[in-house]
Amino acid sequence: MLASPPPDSLQGQLNRLAALGAGRLKRWVLRCACDRYLRILFPAALCVSGAILLAVLLDAAAGTTLWPFGLLLTVLVAVALPVLVVAACVLLEFARHRADRRMCLALYDRDLGLKDRLQAADQYLAKAQRTDFEEAAVEDARGHAGAALERKLPPLEIRPPDLMPPHRRLGALAAVLLAAALWIGQYSASQASVSETMVAEAIPGDLREDSNLTQVLPDPLRPRPASLAARRNTEVEVPRSEQGSRPGEMETREFSTQRQSTDRSAAGSDARRSNQARQAQSGASGQRAEQQEQDENEPRRREARKQPPKEPPREQPDQPKEAAGLKGGKGEMSGGRMAASDHASAQDKTQQPEPEGDSDYGDEEEDEEQKAGSASKPLINQRKAPVNRSLTPSADGGEERDDLNGRGGPGGLKKTRGVAAMLLGVPLPDYLQGKVNPGRMKIQSEQGRAEEHAADAALARERPARDAAVGHTLHREIPPLSRDVVRNYFIAQRTNGEQAPKENE
Amino acid sequence: MTDSNAAAAADRARAGADEFSEVFNRVKSQVSRLIVGQDEVIDGVLTALMCGGHVLLEGVPGLGKTMLVKSLGEALNLNFSRIQFTPDMMPADIQGTMVLTETDGGGHELTFQQGPLIANLVLADEINRATPKTQSALLEAMQERQVTVGRRTIRLDEPYSVMATQNPVEQEGTYPLPEAQLDRFLFKQIVSYPKEEEYAAILERTTGEQEVVIEAVADAESIVRLRAVARAVAVPEVAQRHAVHLVMGTQPDSDYAPDSIGAYVALGSSPRGAQGLILAGKVRALLRGRFSVSTDDIRAVALPVLRHRILLNFHAQANRVTSDLLVEDVLQSVEPPHTAS
C-alpha cells in the first residue's frame with residue numbers, strides 16, 4: 001500500500017486541490033443536469049396529461065375502465081410522474097459523471113490564471129525521471145499550489161435554467177389537457193349516474209333484481225352493484241348472499257365472453273399464420289404444399305360441411321362466377337394461387353368455383369374485411385359479379401364494359417391491389433411536357449452579290465501621337481473554358497444569395 | 001531523484017532560461033533601434049530564429065521588411081546574404097555552380113562557386129517573383145539544411161534561417177509559392193503599416209544626420225546554444241493535445257473543425273503545423289519566465305504558425321474569407337482540454 005504524501009508537499013497540495021476541484025465539478029454537473037432535464041419536464045407532463053385525457057375519453061366513449069382513478073389521484077399522477085422522471089434522469093447523469101483529476105486541477109489553473117502549472121506539475125510528479133525543465137516546472141508550481149489552496153473559489157458559473165417560451169407553452173397545454181381530462185371524467189360520471197337513476201326509476205322493483213335483465217341492459221345502463229345496493233336498502237330487502245353473487249356472475253360472464261373472443265382471435269391468428277406459411281412457398285413446391293394442406297384440412301372441411309352453409313352472395317346467372325376474382329380481390333400474391341391480375345380472364349375459362357367448405361379460414365378473413373370496410377372486394381356488397389381485370393378488350397369482340405380499366409371496377413378510384421392496380425387503366429399517348437431542345441445552331445447562308453465599298457485607310461504617318469492615358473487595362477484574362485463557369489457562379493451568388501456548393505463535392 | 005539533485009536541475013534550467021531571455025531581449029533592442037514599432041513581427045522573426053525555423057514576411061513595399069532582416073543579421077553577427085529573386089533567376093544562381101577558373105600554371109580547372117544560399121541568414125527578397133523551379137531549389141536548404149549541386153552536397157552551417165519576403169499586391173508576373181514550400185516556413189508574419197505615433201520616430205531615424213549603427217550582441221554559437229535551451233522546455237500533455245486539436249481543427253472533415261473550415265478550406269495544416277506550435281510555444285514560455293508550455297502559449301502562436309498552412313478553396317476567395325479569419329474561428333471553437341465545458 002502506498003503511503004500518502006505529506007500534506008505540505010506539492011503532491012499533497014495537489015491532492016487537496018483535486019479533491020476541492022472535484023467537489024466544485026460535481027456541484028456544477030448536478031446543476032447542469034437539472035438545467036438540462038428541466039427542459040423535458042413540461043413535455044413529459046404533456047405526455048402524461050395527454051395519456052390521461054385519452055384514457056378518460058376512451059372510458060367515456062366505450063364505457064371501459066382504463067382510468068379508474070379519482071380526481072386527487074389523477075392530479076397527483078399528472079404532476080408526480082414527470083417530476084419523478086426528471087429526478088431520475090438527473091440522478092443518473094450525476095451518478096455517471098466521473099471527475100478527472102486533471103480536469104479538477106484545470107479549474108484552478110483557469111480560474112487563478114496559473115497557465116496550466118498545476119496540471120503540468122501533477123503530470124511531471126508522476127514521472128520517475130524528470131528533466132531539468134520538468135524539475136523547474138515542479139518547483140515553480142509549488143508556490144502557486146500553496147496560494148491556490150488559500151484561495152476560495154466561487155462555484156462555477158452556470159446559466160439559469162433556460163425555460164424557453166415553447167416549454168412554458170407545453171406546460172400550459174399539459175395543464176389544459178389535464179383539466180379537460182378531469183372535466184370529461186366528471187361529466188361522464190355524472191351522465192352515467194343520471195341515466196342509472198332514470199333506469200332504476202323506470203324499472204319496477206322486482207325486475208331490477210332480475211339477473212337476465214341486468215345482462216340485457218347496455219353497459220352504461222346496467223345497474224352497478226354499489227349504487228343498486230344502496231337503493232335496495234330503501235326499496236327491496238335482498239338477501240346478502242344474493243347481493244354478493246351478482247357481481248360474481250357478471251364477472252364470470254365477462255370472462256366467458258373474453259375467453260370466447262380470445263379463442264376466436266387465436267383461431268384467426270392460427271389461420272393467418274398458416275396463410276403466411278403458405279405465402280412463403282412458391283411454384284411447384286407451393287402447389288404440393290397446398291395439396292398436402294388440403295389433405296390435412298380434410299377433417300376440418302368435413303366439419304364445415306356438417307354445419308349449415310352460409311348464405312352465398314346472390315349472383316346473376318348470366319355473369320360467370322370468377323373464383324379468382326373473389327380470391328384475388330384481396331390482392332394477395334400467395335404461393336399456390338394466382339393473384340388478381342390480368343391473368344384473371346384466362347382463369348375464367350379454366351378454374352372451377354371452389355366448394356364452400358374449402359374456405360374455412362378464408363371466410364373469417366372475408367368477414368373481417370367486410371366489417372372493416374375494405375375496398376378489396378367492392379362488388380360483393382353490390383351483389384355484382386367480380387369485374388374483369390383485363391386491360392385489353394376481348395378478342396372475340398364481346399360487349400364493351402366500363403369496368404375494363406384494370407382498377408377492379410367502374411369509376412376512377414382504385415379498388416384493387418397488385419399488378420392490375422399498378423397498370424394504367426386509361427391508355428395515354430406518350431406525351432412529354434416541356435420545351436423542345438433547340439438543338440444546334442443552324443446557319444443558313446444566302447447567296448448574295450458582294451457590294452463594293454471605298455477604302456479610307458489612314459496612313460500611319462498621319463496618325464497623331466497618343467495624348468491621353470491608355471486607361472485601365474485588365475490583368476490576366478480568364479481562359480475561355482472557365483469564363484462561363486466563373487460568370488455563372490457569380491451570377492448565381494448575386495441573384496440567389498445562396499451558398500455555393502462545396503468545391504470538392 | 002534526490003532533493004539536491006532536483007534543486008540543481010531546476011537551477012540549471014533556470015539559468016538557461018535566464019540567458020535565453022537576456023539574449024533575446026538584447027537582440028530585439030538592437031533591431032528596434034532601426035525598426036520602429038512592429039514588435040510582433042520582430043518577436044516572430046526572433047522566435048523563428050530561436051526555434052530553427054524560417055519566416056515568410058508579407059507586406060506592401062516600404063514597410064522595412066528587408067531592413068528588418070538585414071539588421072537582424074548585423075545584430076546576431078551572422079553570415080548574411082541577400083537574394084533578390086527575379087523571374088529569370090535559375091537554381092544555380094542561388095545554390096552555386098561549377099565554373100572554369102584559371103590555375104597558376106596557366107591551366108584551367110572546374111571549381112565550385114557557392115551561391116548566396118550558403119550562409120547563416122538568407123534574405124530571399126520577393127521570393128514569389130522567382131519561378132517555381134528556383135523556388136524549389138530552396139526546399140532542400142530549408143528542410144535538410146544542405147545544398148546539392150551535381151555530385152556535391154554541402155552541409156549548411158547552423159544557425160541557418162531563411163527570411164523570405166513577398167509583396168501581396170503585385171500579383172502580375174509572380175509565382176505563388178507552392179504549398180510544399182509554404183509549409184516549410186515556421187511563421188508567416190504580416191507586416192502592416194506603422195501607427196501614427198510611430199511615423200515621427202521613423203522619419204527622425206531615417207532622415208537625420210546620424211546613421212543608426214547596429215551592434216552585434218550575439219553570435220552563431222550562442223544562437224545554437226539557446227536553440228538547445230528552447231527545445232528542452234517541458235511540454236505537458238494538455239498543451240500537446242491542444243496543439244494537435246488546433247491543427248486538426250484546420251482540416252476539413254475533422255471532428256474539431258468548425259463549419260467554416262469545411263466550407264472554405266481545401267487543405268488543412270500538416271503535422272508540421274503542430275511541430276511549429278510546440279516549438280514556438282516553448283520560446284514564448286521561456287520569454288514569460290515559465291519552464292513548461294501552456295495552452296495559452298499554443299494559442300498565442302497559432303495565427304502566424306497556421307495562417308499559411310491553410311489552403312483556401314474557390315468559395316473562400318469569392319467570399320473574401322481569409323485564412324486569418326478561419327484560424328480565429330478554429331481558436332474559438334477548439335477549447336483547451338479539461339477546460340472545455
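Residues numbered from 1 in each chain as written. Chains lettered and ligands numbered in written order. Predicted model: local features only at pLDDT ≥ 70, side-chain atom pairs only at ≥ 80, totals over all residues. Heavy atoms only, no water.

Undergrad: Would you mind showing me how to read the overall build of chain B here?
TA: Per the secondary structure count, chain B includes 15 helices and 11 strands. For chain B, the residues scored as buried account for 54% of the 341 residues in total. The contacts in chain B between residues at least 6 apart in sequence include a share of 74% that link residues at least 24 apart. Here chain B has roughly 15,400 Å² of accessible surface; of this, 49% comes from carbon and sulfur atoms. (Helix = DSSP H or I, 4+ residues; strand = E, 2+ residues; numbered from the N terminus. Buried < 20%, exposed > 50% of the residue type's maximum accessible area, 1.4 Å probe, protein only. Contact = heavy atoms within 4.5 Å. Areas by Shrake-Rupley, 256 points an atom, 1.4 Å probe, with all protein chains shown as cover.)

Undergrad: Help me understand the overall build of chain A in this model?
TA: The number of helices and strands found in chain A is 19 helices and zero strands. Each of the 505 residues in chain A was classed as buried or not, and the buried ones make up 29%. Counted over contacts in chain A with a minimum sequence separation of 6, partners at least 24 positions apart contribute 66%.

Undergrad: I'm lost on the nonpolar core in this one. Help?
TA: The nonpolar side chains of a soluble globular protein tend to be buried, and buried together. Counting 95 residues, the largest nonpolar core has L17(A), F20(B), V27(B), L72(B) and L277(B) as the members making the most contacts within it. I94(B), I127(B), V147(B) and Y160(B) belong to the second largest nonpolar core, which has 27 residues in total. (Core = buried A, V, L, I, M, F, W, Y, C linked by side-chain atoms within 4.5 Å.)

Undergrad: Got a minute to help me understand the packing of aromatic side chains in this structure?
TA: Here the distance between the centres and the angle between the planes together describe a pair of aromatic rings. As enumerated under the stated definition, the model contains four aromatic pairs over all chains in all. Between the aromatic rings of Y489(A) and F490(A), the centroid separation amounts to 5.4 Å while the plane-to-plane angle is 85 degrees, which identifies the pairing as edge-to-face. Members of the aromatic cluster, joined through ring pairs, are Y489(A), F490(A) and F314(B). (Phe/Tyr/Trp six-rings, centres within 6.5 Å; stacked < 30°, edge-to-face > 60°.)

Undergrad: When you look at the interface of chain B and chain A in this model, what are you seeing that I'm missing?
TA: For an interface, size is often stated in terms of accessible area lost upon the parts coming together. If you look at the interface, chain B gives 34 residues, while chain A gives 32 residues. For the pairing of chain B and chain A, the buried interface totals around 3,000 Å² over both sides, and the portion due to carbon and sulfur atoms is 55%. At the junction of chain B with chain A, the criterion picks out two salt bridges. The partner of D296(B) in a salt bridge is K115(A), and the shortest N-O contact between them spans 2.8 Å. Listing elements by their share of the side of chain B that touches chain A, those giving two or more residues are α1 (3–34), α9 (237–249), α10 (259–264), α12 (295–300) and α14 (314–318) of chain B. (Buried area = accessible area lost by both parts, 1.4 Å probe. Salt bridge = Lys/Arg side-chain N within 4 Å of Asp/Glu carboxyl O.)

Undergrad: Looking at this model, I keep getting lost on helix α2 (residues 39–51) of chain B. Mind explaining?
TA: Two residues of an α-helix separated by three or four positions point the same way, owing to the 3.6 residues in each turn. All names here are of chain B. Between its first and last C-alpha atoms α2 spans 18 Å; for 13 residues at 1.5 Å apiece the expected length is 18 Å, and the two agree. Those residues of α2 that sit buried are V41, I42, G44, V45, L46, T47, A48, L49, M50 and C51. Where α2 terminates, the next one or two residues include G52, which has phi positive at roughly 85 degrees. (Expected span 1.5 Å × (residues − 1).)

Undergrad: I tried to follow helix α15 (residues 323–333) of chain B on my own but got confused; where do I start?
TA: Residue and element names in this part refer to chain B. Within the span of α15, buried status applies to S323, L326, V327, V330 and L331. All buried residues of α15 fall inside an arc of 145 degrees around its axis, so they share one side. Relative to its buried face, α15 has exposed residues pointing more than 90 degrees away, namely L325 and Q332. (Arc of directions from axis to C-beta.)

Undergrad: Help me understand the environment of P82(A) in this model?
TA: Residue and element names in this part refer to chain A. On the secondary structure map, P82 appears in helix α3 (residues 71–96). Judged by relative accessible area, which is 1%, P82 ranks as buried. Sequence spacing of P82 and L38 is 44 residues, and the spatial spacing of their C-alpha atoms is 9.9 Å.

Undergrad: Before we go on, may I ask you to explain the pairing of strand β3 (residues 96–102) of chain B in this structure?
TA: On a regular strand, each side chain points to the face opposite its neighbour's, so the side chains alternate between the two faces of the sheet. Residues and elements named next belong to chain B. Examined bridge by bridge, β3 and strand β4 (residues 108–114) share seven bridges and lie antiparallel to one another. Paired with G96 across the strands is Q114, a residue of β4. Following β3, the chain reverses through five residues before pairing antiparallel with β4; G106 in that reversal takes a positive phi of roughly 95 degrees. (Pairing = 2+ DSSP bridges.)

Undergrad: So what exactly am I meant to see when it comes to the pairing of strand β8 (residues 161–166) of chain B here?
TA: Residue and element names in this part refer to chain B. Along β8, six of the six residues are buried, which leaves the element largely enclosed by surrounding structure. By the alternation rule, side chains of β8 split into S161, M163 and T165 and V162, A164 and Q166, which are all buried. Direction of pairing for strand β1 (residues 55–58) relative to β8: parallel, over a ladder of four bridges. Opposite E58, over in β8, you have Q166 as the bridge partner. Note that strand β5 (residues 121–125) and β8 share four bridges and pair parallel. Looking at the pairing, L121 lines up with S161 of β8.

Undergrad: Looking at this model, I keep getting lost on the side chain of T165(B). Mind explaining?
TA: Structurally, T165(B) is set in strand β8. Among residues more than four places away in sequence, those in contact with T165(B) are L57(B), K65(B), L123(B), A124(B), D125(B), E126(B) and I127(B).

Undergrad: What is the right way to look at the packing of helix α1 (residues 10–37) of chain A against helix α5 (residues 117–125) of chain A in this model?
TA: Helix packing for two helices is described by the angle between their axes and how far apart those axes are. Residue and element names in this part refer to chain A. Where α1 meets α5, the closest approach of the two axes is 11 Å, and the angle between their N-to-C directions is 125 degrees. Regarding the angle of α1 to α5, the classification is oblique. In this structure, the crossing between α1 and α5 has a hand that is left-handed. Of α5, the residues touching α1 (which contributes L10, Q11, L14 and L17) are L118, A121, D122 and L125. Residues that form the contact of α1 with α5 fall into these classes: six nonpolar, one polar and one charged. (Axes fitted to C-alpha atoms, helices over the stretch in contact; angles between N-to-C directions. Parallel < 35°, antiparallel > 145°, perpendicular 65-115°, else oblique. Left-handed = near helix turned anticlockwise from the far one by under 90°. Nonpolar A, V, L, I, M, F, W, Y, C, P; charged D, E, K, R; others polar.)

Undergrad: Would you mind going over a nonpolar patch on the surface with me for this structure?
TA: Residues I40(A), L81(A) and V85(A) make up a contiguous nonpolar surface patch of roughly 210 Å² in combined accessible area. Relative to the helices and strands, L81(A) is located in helix α3. (Patch = residues over 30% accessible without salt bridge, like charges linked within 9 Å, V, L, I, M, F, W, Y side chains within 5 Å.)

Undergrad: Can you help me understand the side chain of E58(B) in this one?
TA: Residues and elements named next belong to chain B. With respect to the helices and strands, E58 occurs in strand β1. A polar side-chain atom of E58 sits 2.7 Å from a polar atom in the side chain of Q166. Beyond its immediate chain neighbours, meaning those up to four positions away, E58 contacts K65, Q166, P168, K188, Q189, I190 and V191. (Polar contact = N/O pair within 3.5 Å; in protein donor to acceptor, adjacent residues only side chain to side chain.)

Undergrad: Looking at this structure, I do not really get the environment of M89(B). What am I missing?
TA: Residues and elements named next belong to chain B. Summarising the element assignment, M89 is placed in the loop between β2 (80–84) and α4 (91–95). The spacing of M89 and Q135 is 46 residues in sequence and 9.6 Å in space, taken between C-alpha atoms. The contacts of M89, once residues within four sequence positions are left out, are I83, Q84, I94, T131 and T134.

Distances and angles like these do not, on their own, reveal function.
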